[in-house]
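Overview (structure and organization)
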Amino acid sequence: RDIGVTGVQTCALPICYVRGLFPRFIRFGVLFCGLPVPSGTSHLRIAPDADHPALLKALDAAMESLARDTDSPMIVLKEFDSHTSNSLGELGHLGYVRGDIPCAYVLGVPYTSFDEYVAALRSVYRRKIAHSRTKFRIAGYTSHVVLGNQIPTHYTPEVHSLYVAMRNRAEYRMETLPLTFFHEMARQFSENASLALIRLKERVVGFAFGITAGDEYHNLYGGIEQSHNADADIYFNIYFADMDRAMRRGSRRLYLGQTSDEFKLRLGAQPQPLYF
C-alpha cells in the first residue's frame, strides 16, 4: 500500500498543498511479507533443518518480482524477535537492513483470575489498580465479555467506530480493518474469539478484541471513547476485564500488544524487542 515516508499519516500544510497537485508526492509503495495484520510475532516460519540461505534467496527473488509488478521500491519483513532476527542473517547479504519497531509485551500469569493476580502484586501497584477500578464502579460503568458467534451482534458499526478512532490516533498506522473482519474472525475462531465491552448504561464506550490459542491469549485490537477515559480509566479497565476473562479461561501467557509501555510494565509484562 502507499504510505508516507514516516509511515504515519499526518501531513504538514505545504506537503498537503503539493499533494493536491501531485498526489504521490513523498509517497511510495511498500511490499510487506506476511499477514495483512500486525500480530507482534514473526510472519515467516522456516524449519530448523531447512537450507536457510537458499530459501531466503528464493523468497527475496519472489518478493522482488512482486515489488516490480506493484511498483513498490521497499520490501519489508516483520515482526521478528531477537532469536528469529539473528537466524535471518542471510538477509543482510541480500541488501536488507534491520530496524527496530515497538516491542511487544508478554505477561506470564500462573493465576486463575484477575483478583488473584492483583493480590500477588506489590502494594503500590495494587493501590493504583484499586483506584482505577473504584473510579470505574462509582461512575456507573460496567464490563462484560462475549465469545464466538455472539460477537457479531455486539460488534456494531458504533463499536467499530471506536476502533477506527483509536487507529487514527495511533503513532504507528498501517491497515484499517473493516467491520466484516471482526465478524469473520469471530465466525472462524468461534469460542476462541472474545470481545470485552465497557458500557455506560446501554452505550459501549470501550472494547478489546482478542484470540485464545492453547494456553496463550493475544489481545489484538481495541478502542475507547476518549471523552470517557478521564472519568473512569476506561483504557485500564478494559484491560482488566480482558485479562480476567483470559485467566479464567486458563491462559498462562498474555500477549498485550505494543505501545502503552508504562502501563504494561506496571502490570508486570515483559518487553520483547521486535525488529523488521
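Here goes a summary of the coordinates provided.

Cut-offs applied
- Residues numbered from 1 in each chain as written.
- Predicted model: local features only at pLDDT ≥ 70, side-chain atom pairs only at ≥ 80, totals over all residues.
- Heavy atoms only, no water.
- Helix = DSSP H or I, 4+ residues; strand = E, 2+ residues; numbered from the N terminus.
- Buried < 20%, exposed > 50% of the residue type's maximum accessible area, 1.4 Å probe, protein only.
- Contact = heavy atoms within 4.5 Å.
- Areas by Shrake-Rupley, 256 points an atom, 1.4 Å probe, with all protein chains shown as cover.
- Phe/Tyr/Trp six-rings, centres within 6.5 Å; stacked < 30°, edge-to-face > 60°.
- Lys NZ or Arg CZ within 6 Å of the ring centre and 35° of its normal.
- Pairing = 2+ DSSP bridges.
- Axes fitted to C-alpha atoms, helices over the stretch in contact; angles between N-to-C directions.
- Salt bridge = Lys/Arg side-chain N within 4 Å of Asp/Glu carboxyl O.

Scanning the protein for helices and strands turns up 12 helices and 10 strands. For the protein, with 276 residues in total, the buried portion stands at 43%. Look at the contacts in the protein between residues 6 or more apart in sequence, and 70% of them connect residues 24 or more apart. Carbon together with sulfur atoms contributes 57% to the accessible area of the protein, which is approximately 14,800 Å² in total.

Time to look at the packing of aromatic side chains. The final tally for this structure, using the stated rule, is 18 aromatic pairs. On the basis of an interplanar angle of 70° and a centroid distance of 5.5 Å, the ring pair of Tyr239 and Phe263 is categorised as edge-to-face. With a gap of 24 residues between them, Tyr239 in helix 11 (residues 234–249) and Phe263 in helix 12 (residues 261–266) connect regions that are remote in the sequence. In this structure, Tyr239 and Phe263 share a single accessibility class: buried. Within the aromatic cluster, the residues linked to one another by ring pairs are Tyr111, Phe114, Tyr117, Tyr235, Phe236, Tyr239, Phe240 and Phe263. Over the aromatic face of Tyr275 sits the side chain of Arg98, whose NZ or CZ is 3.8 Å from the ring centroid. Arg266 extends its terminal NZ or CZ atom over the ring of Phe236, reaching a point 5.4 Å from the ring centre.

Turning next to the sheet that holds strand 7 (residues 203–213). A sheet is described by the order of its strands in space; here seven strands give the open sequence 5-6-7-8-9-4-10, paired in mixed fashion. Among the strands making up the open sheet, the edge pair consists of strand 5 (141–147) and strand 10 (270–275). Across the sheet, the axes of successive neighbouring strands diverge by a mean angle of 25°, strand direction being ignored. Relative to strand 9 (residues 253–258), strand 4 (residues 100–108) runs antiparallel, the two sharing four bridges. Paired with Gly108 across the bridge in strand 9 is Arg253. Docked against the sheet, helix 9 (residues 179–189) engages strand 6 (193–200), strand 7 and strand 8 (216–224), running at close to 40° with respect to strand 7.

Right, let's talk about the pattern of salt bridges for a bit. Applying the stated criterion to the full structure yields seven salt bridges. Arg133 is paired through a salt bridge with Asp115; the nearest N and O atoms lie 3.1 Å apart. You can see Arg133 sitting in helix 6 (residues 123–138) and its partner Asp115 sitting in helix 5 (residues 114–119), a full 18 residues away along the chain. When its relative accessible area of 44% is taken as the criterion, Asp115 is described as partly exposed. Close ionic contact of Arg248 with Asp244 constitutes a salt bridge, the shortest N to O distance being 2.9 Å. Of this pair, Arg248 and Asp244 are both found in helix 11, four residues apart, which corresponds to roughly one turn of the helix. Arg248 sits in the exposed class, given a relative accessible area of 54%.

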